[in-house]
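Okay, here's what each chain looks like letter by letter:
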Amino acid sequence: MSADGILRVAINAPLSRLFDYRMPESGQAVPGSRVEVPFGRRTQTGVVLEVAEESELPVSKLKSATKVLDKEPLFSATDLWLIRFVSNYYHHPIGEVAAAAMPALLRQGKALNPLVQYLSATAAGKDTALDALRKKAPKQALLLEVIVDADSISFPELDKALPDWRRARKGLVDKGLVETYEAIDNDGGDALANIEQEPGPDLNPDQRAALKCIREMEGFAVNVVNGVTGSGKTEIYLHLIASELDEGRQVLVLVPEIGLTPQLVRRFRRRLGIEPLLLHSGLNDTERLQTWRTARNGSAQLVVGTRSAVFAPLKNPGLIIVDEEHDSSLKQQEGLRYSARDLAVARAKKLDIPVILGSATPSLETLQRCRDNAYQSVELPTRAGNAAPPLLRLVDLTSHDAFDGLSAPVAIAIEKNIASGGQVLVFLNRRGFAPTLICTSCGKVSECARCDSRMTVHSASNCLRCHHCGAERPVESQCADCGSNCRPLGQGTERLEEALKGRFPGEVVTRVDSDTTRLKGEMSKALAMATSGETRILVGTQMLSKGHHFPNLTLVVVINADQGLFSTDFRGAEKLAQSLVQVAGRAGREKRQGEVIIQTAFPRHPFWTELFSGGYQGVTDSVLIEREKTLWPPFSRIALIRSSATKRNDTYAFLKLAKCWAEDSGIEGVRVLGPVSAPMERKAGRYRAQLLFQSRDRAALHRLLAHLRTSLEGSTEARRVRWSIDVDPIELF
Ligand code: ADP
Ligand code: ZN
Ligand code: ZN
């Protein structure tokens, strides 16, 4: 047995186990460092989780790792703990978890601190008369000036600062004025440039009380900041962040979508006087590595990111904040299906630091934990400053006809608001022109060839598009069955925009949905126009409902909420209440009274009574009673095994096997329901179905899932399907 020890390595492959290797001759690997190893016919980058005394296999059978990629561990002990925790809790292959926890370049085996090229001025360059050069070669003069000022500057920094610098560089090098050298990336050095700090408002009594409660807790505590929209939750975050920064500790803030929150980032920057480090999907590989590194080495004090930032390594963390904790985008819905909110709590517990979960509409899981006193709840029941809560009313679509989706009372209210200088937000959670194309004679509906779904009409591109698989084809003007004319049926945001422009000519109408904001910069442009008040009518999907502050917005119109009333998902009412309360929260955030109008064809549905008499809490109180009776979460734990295949039989054979093994496992106290088909069974040509596991005994549920994971992994049935385990799913299909 070699004295060096055996490396137990996590490899990015869909297998749960670790792989044993001998220590390479060339170097000493420690837990947390990456190694290059032979795997199958290729070499792979893996992460050493342990260095063990011995292996279950004879040492002579083990291969050697070929290279140690990190002399110092890349992952700290807590980082490794998190990787293991995620793998165990979500029953996901550990190598894939480790891979998800690092940026692409590190997965590929690149160095943590890569060498980058720098430019510096030669003695001749420093002595050059810039004025003279400016006349002959202005671009060279500009570059030289930047280089001389900075002493030396890296290529990536120049890429950011001077888009056109490369050609100018060649001229300067030829003249002997600058030279290139290679060194370890200094991460931009002065990113902490002086940003003028702005003072904030004095906290009101509710905010002061909340802050006091939070500060009284020591070490790990989950603090739920349950405050109505505009109640000043962000002010509380700012105070807490400032104290951590003063103590020299780092803060991690998780937000649903960074593209949607430029206002929040700007507010952090101005109020704290520092540049927040942003971690989101818009970064390229080099930027991603750099941000990861500055989080890890502690030079980034405030890290703001979307869900994957929960894995960001932090040298000296003091606080984690999860804003809009109820938001479904905090849960990854494919691959490794983790909840960034739940992991933030687990990570804070391990680190023994506080975590803040903020929302105007907390999830029922979080509310129930507050009731159980596992979490501390602090409440901000009123809007900060002088803003009053918005007034809500329903418009009954059975007694008011709607034209282009707009009923008469809504049209009148929009007109009145605009006439008096207000701004209007029209909310419809359906993009495209119309959700259906229908034959006027036989009623045939245009369907997707690969999914059990209808095609959405998009008029700008004159095509039919499937929102489930992305398939596209030209709009059919005539019915394939009977040859009669087809017409679009129903409302999408595109059609609504057209109708609003027609009814309110001369007013600026801006549409915000994933079609209009696909291009970089479009979202912030639209938000800036809305914030300045230039846009008079905003129309869009739930992208508009999240966190924005439009000072002039006085009226919110919800075109249609009825789908949510009859959802088959047990979370239907919770989600509907969240989305309505969030979008309503955009109205009247400053001086003027806000108004919210919701159109419905079912005005007598009990949901409305609960919402109108008790607000969000009215709905959640009643839903919690219902869930307790029926034993749905948060009163039980659930998990899914999903499966899909091009043959329906394969999908079912796999799930039946899983059910069989679950029943034979001898593990008691877990209900197994199914297999059942997804409501939209066929998607992108694959048949989808699932098994549901439900239990009040979390440990038993996890024992069963672990058992199934390992047995199913090697089965022949598994090879015919794509399958996954989803723990704490938020969507049942
Ligand atoms: P939330 O995060 O709960 O939506 P914000 O912190 O964004 O609330 O506050 C909403 C608005 O009220 C902002 O314009 C903010 O500047 C203002 N505000 C917050 N706290 C106070 C306060 N104590 N006094 C006056 N204005 C406040
Ligand atoms: Zn027809
Ligand atoms: Zn499709």
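1. A look at the side chain of Arg465
Part 1 of the reasoning: Locating Arg465 in the fold gives a position in strand 22 (residues 463–465).
Part 2 of the reasoning: Here the side chain of Arg465 touches Glu472 through a polar contact of 3.0 Å, side chain to side chain.
Part 3 of the reasoning: Filtering out sequence-adjacent residues up to four positions away, Arg465 remains in contact with Met455, Thr456, His458, Gly470, Ala471, Glu472, Asp515 and Arg518.

2. What about helix 19 (residues 572–584)?
Part 1 of the reasoning: Compared with an ideal rise of 1.5 Å per residue, which puts 13 residues at 18 Å, helix 19 spans 18 Å between its outermost C-alpha atoms and is within 8% of the ideal.
Part 2 of the reasoning: Three or more residues of helix 19 are buried, namely Gly572, Glu574, Leu576, Ala577, Gln578, Leu580, Gln582, Val583 and Ala584.

3. Here's the deal with the site of ligand 1
Part 1 of the reasoning: Asp202, Gln207, Lys233, Thr234 and Arg267 are the nearest of the 17 residues found near ligand 1.
Part 2 of the reasoning: Contact between ligand 1 and Gly230: an oxygen atom at 3.0 Å from a main-chain N or O atom of the residue.
Part 3 of the reasoning: Between Lys233 and ligand 1, the recorded distance is 2.9 Å, taken from a side-chain N or O atom to an oxygen atom.
Part 4 of the reasoning: Burial of ligand 1 by the protein amounts to 77% of the accessible area it has alone, namely 550 Å².
Part 5 of the reasoning: More than half of the atoms of ligand 1 fall within 2 Å of the grid points belonging to the second largest pocket.
Part 6 of the reasoning: No other element matches the 3 residues that helix 10 (residues 233–246) contributes to the shell around ligand 1.

4. Looking at the packing of helix 10 against helix 11 (residues 262–272)
Part 1 of the reasoning: Interhelical geometry of helix 10 versus helix 11 gives an angle of 45° and a closest axis separation of 11 Å. What the angle tells us is that helix 10 and helix 11 run oblique. The handedness of the crossing between helix 10 and helix 11 is right-handed. Packed against helix 10, whose contacting residues are Thr234, Glu235, Leu238, Ile241, Ala242 and Leu245, the element helix 11 presents Leu264, Arg267, Phe268, Arg271 and Leu272 at the interface.

5. Description of the sheet that holds strand 8 (residues 178–184)
Part 1 of the reasoning: In spatial order, the strands read 7-6-8; together these 3 strands make up an open sheet with antiparallel pairing. Sheet topology places strand 7 (152–154) and strand 8 at the edges, where each strand pairs with a single neighbour. Mean inter-strand twist for the sheet, computed between neighbouring axes without regard to direction, equals 35°.
Part 2 of the reasoning: Here 3 bridges tie strand 6 (residues 115–121) to strand 7, and the two strands are oriented antiparallel to one another. Residue pairing for strand 7: Ser120 is matched across the bridge by Ser152.

6. Some words on the coordination of the zinc ion (ligand 3)
Part 1 of the reasoning: Coordination sphere of the zinc ion (ligand 3), protein contribution only: Cys448 (SG), Cys451 (SG), Cys466 (SG) and Cys469 (SG), at 2.3 to 2.4 Å.
Part 2 of the reasoning: Angles of 106 to 112° at the metal separate the 4 donor atoms of the zinc ion (ligand 3), which places the site in the tetrahedral class.
Part 3 of the reasoning: All donors of the zinc ion (ligand 3) belong to a single chain; written as a sequence motif, their spacing is C-x2-C-x14-C-x2-C. Separated by 15 residues along the polypeptide, Cys451 in the loop between strand 20 (436–439) and strand 21 (456–458) and Cys466 in the loop between strand 22 and strand 23 (472–474) bring together distant segments of the chain.

7. Focus on the sheet that holds strand 23
Where strands meet in a sheet, backbone hydrogen bonds hold them as pairs that are either parallel or antiparallel.
Part 1 of the reasoning: Taken in spatial order, the 3 strands of this open sheet run 21-22-23, and their pairing is antiparallel. Every interior strand has two partners, whereas the edge strands, strand 21 and strand 23, have only one. Ignoring strand direction, the axes of neighbouring strands in this sheet form an average angle of 30°.
Part 2 of the reasoning: In this sheet, strand 23 lies alongside strand 22 in antiparallel orientation, the contact comprising 3 bridges. Across the sheet, the residue bridging to Arg465 is Glu472, located in strand 23.

8. Here's the deal with the environment of Gly230
Part 1 of the reasoning: By secondary structure assignment, the location of Gly230 is in the loop between strand 9 (221–227) and helix 10.
Part 2 of the reasoning: Taking the C-alpha atoms as reference points, Gly230 and Arg589, separated by 359 residues in sequence, lie 6.5 Å from one another.
Part 3 of the reasoning: Discounting chain neighbours no more than four positions away, the residues touching Gly230 are Arg383, Ala384 and Arg589.

9. Side note on the nonpolar core
Part 1 of the reasoning: Judged by nonpolar contacts, the single largest core of 77 residues is most densely connected at Phe75, Phe311, Ile641 and Phe693.
Part 2 of the reasoning: Beyond its immediate sequence surroundings of up to four residues, Ile641 is in contact with Phe654, Leu655, Ala658, Ala689, Gln690, Leu691, Phe693, Leu708, Leu712, Trp723, Ser724 and Ile725.

10. Some details on the layout of surface pockets
Part 1 of the reasoning: Its volume calculated, the second largest pocket comes out at about 1,300 Å³.
Part 2 of the reasoning: What lines the second largest pocket is a set of 46 residues, and nearest its centre among them are Thr234, Glu235, Arg267, His549 and Arg589.
Part 3 of the reasoning: Secondary-structure elements contributing two or more residues to the lining of the second largest pocket are helix 10, helix 11 and helix 17 (522–532).
Part 4 of the reasoning: It is helix 11 that provides the largest number of residues to the lining of the second largest pocket, a total of 7 residues.
Part 5 of the reasoning: Along the lines of polarity and charge, the residues of the lining of the second largest pocket split into 11 nonpolar, 18 polar and 17 charged.
Part 6 of the reasoning: The two domains that each donate at least three residues to the lining of the second largest pocket are domain 3 (205–366) and domain 4 (387–433 + 491–620).

11. Considering the packing of aromatic side chains
Part 1 of the reasoning: Per the counting criterion, the structure on display carries 13 aromatic pairs.
Part 2 of the reasoning: Plain terms: the ring middles of Phe19 and Phe39 are 5.1 Å apart, the flat faces sit at 85° to each other, and that makes the pair edge-to-face. Here Phe39 lies in strand 3 (residues 34–39) and Phe19 lies in strand 2 (residues 19–22), a separation of 20 residues in the sequence.
Part 3 of the reasoning: The class of Phe19 is buried, set by a relative accessible area of 10%.

12. Quick look at empty space enclosed by the protein
Part 1 of the reasoning: By the definition in use, this model includes 2 cavities of 30 Å³ or more.
Part 2 of the reasoning: The wall of the largest cavity is formed by Leu437, Ile438, Cys439, Lys444, Val445, Ser446, Glu476, Cys479, Ala480 and Cys486.
Part 3 of the reasoning: Tallying contributions element by element places strand 20 first for the lining of the largest cavity, with 3 residues.
Part 4 of the reasoning: When the residues that make up the lining of the largest cavity are grouped by side-chain class, the tally is 7 nonpolar, 1 polar and 2 charged.
Part 5 of the reasoning: Every residue along the wall of the second largest cavity is listed here: Phe75, Asp79, Leu82, Ile83, Ala101 and Phe311.
Part 6 of the reasoning: Looking at the lining of the second largest cavity residue by residue, the classes come out as 5 nonpolar, no polar and 1 charged.

13. Quick word on the environment of Glu497
Part 1 of the reasoning: Inspection of the secondary structure assignment puts Glu497 in helix 16 (residues 493–503).
Part 2 of the reasoning: For Glu497, a relative accessible area of 14% corresponds to the buried category.
Part 3 of the reasoning: A C-alpha to C-alpha distance of 9.0 Å links Glu497 and Phe433, two positions 64 residues apart in sequence.
Part 4 of the reasoning: Among residues more than four places away in sequence, those in contact with Glu497 are Val509, Arg511 and Val539.
Part 5 of the reasoning: Polar contacts involving the side chain of Glu497 include one to the side chain of Arg511, which spans 2.7 Å.

14. Things to note about the domain arrangement of the protein
Part 1 of the reasoning: Structurally, the protein comprises domain 1 (6–107), domain 2 (115–184), domain 3 (205–366), domain 4 (387–433 + 491–620), domain 5 (435–489) and domain 6 (637–727).
Part 2 of the reasoning: A separation of 29 Å is found between the C-alpha centroids of domain 1 and domain 3.
Part 3 of the reasoning: Taken together, the contact pairs 19 residues of domain 1 with 20 residues of domain 3.
Part 4 of the reasoning: Here domain 1 packs against domain 3, burying approximately 1,700 Å² in sum over the two surfaces, 78% of which is carbon and sulfur.
Part 5 of the reasoning: Counting across the domain 1 and domain 3 interface gives 0 salt bridges.

Cut-offs applied
- Residues numbered from 1 in each chain as written.
- Chains lettered and ligands numbered in written order.
- Predicted model: local features only at pLDDT ≥ 70, side-chain atom pairs only at ≥ 80, totals over all residues.
- Heavy atoms only, no water.
- Helix = DSSP H or I, 4+ residues; strand = E, 2+ residues; numbered from the N terminus.
- Polar contact = N/O pair within 3.5 Å; in protein donor to acceptor, adjacent residues only side chain to side chain.
- Contact = heavy atoms within 4.5 Å.
- Expected span 1.5 Å × (residues − 1).
- Buried < 20%, exposed > 50% of the residue type's maximum accessible area, 1.4 Å probe, protein only.
- Near = heavy atom within 4 Å.
- Areas by Shrake-Rupley, 256 points an atom, 1.4 Å probe, with all protein chains shown as cover.
- 1 Å grid on protein atoms, 1.4 Å probe; cavity = no way out; pocket = protein on both sides within 12 Å on 5 of 7 lines; lining within 4 Å.
- Sits in = over half its atoms within 2 Å of the grid points.
- Axes fitted to C-alpha atoms, helices over the stretch in contact; angles between N-to-C directions.
- Parallel < 35°, antiparallel > 145°, perpendicular 65-115°, else oblique.
- Left-handed = near helix turned anticlockwise from the far one by under 90°.
- Pairing = 2+ DSSP bridges.
- Donors = N, O, S within 2.8 Å, 3.2 Å for Na, K, Ca; no water.
- Tetrahedral: all angles 85-135°; square planar, octahedral: opposite > 155°, others 65-115°.
- Core = buried A, V, L, I, M, F, W, Y, C linked by side-chain atoms within 4.5 Å.
- Points joined across faces, edges and corners; volume = space filled by probe spheres on them.
- Nonpolar A, V, L, I, M, F, W, Y, C, P; charged D, E, K, R; others polar.
- Domains from an automatic or database assignment.
- Phe/Tyr/Trp six-rings, centres within 6.5 Å; stacked < 30°, edge-to-face > 60°.
- Buried area = accessible area lost by both parts, 1.4 Å probe.
- Salt bridge = Lys/Arg side-chain N within 4 Å of Asp/Glu carboxyl O.

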